[in-house]
Amino acid sequence: MGEMLSLEKTWGAVMAGMKINVSEATFNAYLRHTELTGMGETGERWICEVGCGSGYIKSVLEQRYYGQLTEELKRVTGKVCEIKFGVTGKSLSTKINERSGTEELPLFETKKGDGAGRKMRLKGDYTFENFAVGGSNQMAYAAAQAVAKNPGGAYNPLFIYGGVGVGKTHLMQAIGHKLLEKEEERILFCSAEEFTNDLVEGIKNKTTEKVRAKYRKVKLLMIDDVQFIAGRATVQEEFFHTFNAIVGEAGQVVMTSDRPPAEIAKLEERLRSRFGAGMIVDVGPADLELRTAILLIKAKQRGWELPAGVARIMAENIAGLRELEGFLIRLETEAEMRKEEISEGLVEKILNVTRPTNGQAKIITPTEVFNLISGFYGVGVQQLKGDKRTRTIAWPRQILMYLLRTELKLPQEEVGRLVGGRDHSTVIHATEKVALVLQKDQVVHNQIDQLKRKLLISG
Ligand code: ADP
Ligand code: MG
């Protein structure tokens, strides 16, 4: 393999892989604060030293992500590695971002004069400037711009819906960035799942008032994947009042969802009508031109000029934007390891390896399946990975495992690992059970058909 990749590059590639495997929240909470501090050979084995931002992060990584990290390390370096975790005690977020050529805002932004720190997590590169516009997102883009220009104005709330990975979160956060530029700091971005958890915690710890104050005092509230609150009475009630409080103070609410309000089942009527009171826009899957343009933007952010022909081939072969991004990162690593220039030939080579036997080049990632199941059944990704065994969670989880096994053809162990570190026998049981029910129950049969179709056309 010639000379070693630098520690930083190696870890960058490992993190890029992890980003696809874990939720954004997990990544930001734990993995972002790590660095590879050393790598050496002792006898037969390779030992990697990984520095963590805190003792807590260290223990989480040791317990939950050891397997995934060693696998990624193996993929990147070609070596079987053992990891020794240490505590370096510093937040490494700036370092990581220097490397990827994008800057990220601090994880927690504290507003002056406000005792309670205001959480705000916008991705640094999710700006209007980095957003490519095409037929599929033109309307949504225009609406988002209008909202950024005049928050609390005519388009209130702004409701953006569309499939997985079409750019909804990016567009929503771009509004946040614009307001920050205008020195408006009363901004809050969170997923509906986080909103829910926050509220549940608040009720449990009798701090509901505090939670309320946090959400109601903002000028711009951005709720990602709002469909998640459907079917949850308390949360919907609370959200209704939050919504009214913000709009009542001329604040702006922006939401994203995987479907329009009218199609969100178990959504309270008063919320449905509120959601539709402003502007509803959809974002469709990006066409070839747009995918190419987005790739060029993403490459530029990483500091390289991607030849247009190369971008084109990638865009022709891969339909999902997240997969395209994943592929871009992979391309960088592969070029480095093979000591080859990035060329159309290299892309073809990697694509041929990746292309499934059925000739379809749509690469479905586990994350997509997680998001699909989460959206379809209204169960959070963390719940799917968690331990709760109530039927409303356990059944979607079993279907998730089934799809990961049968559609992505992942090994049992891998599926178990992805779904919260479960035993492979659990995976076998789940897969068999779903296969059985599938034969007997027409409703389930149709659901799974629908899920499979969604997987193939999403992105
Ligand atoms: P969604 O929230 O709809 O699932 P995301 O906003 O997470 O999708 O977008 C997935 C990825 O694709 C992100 O990296 C995002 O920056 C990128 N992306 C999507 N649409 C565009 C676009 N029009 N221009 C630039 N990047 C885009
Ligand atoms: Mg999103």
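Structural data are supplied above this passage.
Before going into details, it helps to say that this report is about the structure given with it.

Reading the values: the criteria
Every chain is numbered on its own, with residues counted from 1 as its sequence reads. For naming, the first written chain is A and the first written ligand is 1, with later ones following in the order written. With pLDDT at 70 or above as the cut-off, local features in this predicted model cover only qualifying residues; side-chain atom pairs require 80 or more to be listed or tallied, and sums for whole chains, interfaces and linings still use all residues. As a rule here, side-chain values come from all non-hydrogen atoms in the structure, and water together with hydrogens is ignored. Secondary structure elements are defined from DSSP: runs of H or I of at least 4 residues count as helices, runs of E of at least 2 residues count as strands, and each element is numbered from the N terminus. Residue count minus one, scaled by 1.5 Å, sets the expected span of a helix. Three labels apply to residues, based on accessible area from a 1.4 Å probe with only protein chains included: buried if under 20% of the type maximum, exposed if over 50%, partly exposed otherwise in between. Put simply, a salt bridge is a Lys or Arg side-chain nitrogen that is within 4 Å of an Asp or Glu carboxyl oxygen. Only strands joined by at least two bridges in the DSSP assignment are considered to pair. Fitted lines through C-alpha atoms give the axes, limited to the stretch in contact for helices. The angle between two N-to-C directions lies from 0 to 180 degrees. In what follows, residue pairs with any heavy atoms lying within 4.5 Å of each other are defined as contacts.

Here helix α11 (residues 288–301) spans 20 Å end to end across 14 residues, near enough to the 20 Å set by a 1.5 Å rise per residue. Residues of α11 that are buried: L290, R291, T292, I294, L295, I297, K298, A299 and Q301. Just beyond α11, the residue with positive phi is G303, at close to 90°.

Between side chains of opposite charge, pairing is possible as soon as their charged atoms come close. Evaluation of the coordinates by the stated rule reveals 22 salt bridges. Of the charged contacts in the structure, one is a salt bridge between R216 and E238, with a shortest N-O distance of 3.0 Å. Of the two residues, R216 is situated in helix α8 (residues 208–216) and E238 in helix α9 (residues 233–248); the sequence distance between them amounts to 22 residues. Overall, the relative accessible area of 25% leaves R216 in the partly exposed class. Across the pair E325 and K298 runs a salt bridge, and its minimum N-O distance is 3.9 Å.

So, about the sheet that holds strand β10 (residues 279–283). In space, the 5 strands of this open sheet follow the order β7-β8-β9-β6-β10, with parallel pairing throughout. The sheet is open, and its two borders are formed by β7 (187–191) and β10, each paired with just one other strand. Each adjacent strand pair in this sheet contributes to an overall mean axis angle of 15°, direction not counted. With 5 bridges joining them, strand β6 (residues 158–162) and β10 adopt parallel strand pairing. Paired with L158 across the strands is M279, a residue of β10. Across the sheet, helix α5 (residues 138–149) touches β6, β9 (252–257) and β10, and the angle it forms with β10 is around 135°. Where α9 meets the sheet, its contacts fall on β8 (220–224) and β9, and the angle it forms with β9 comes to roughly 140°.

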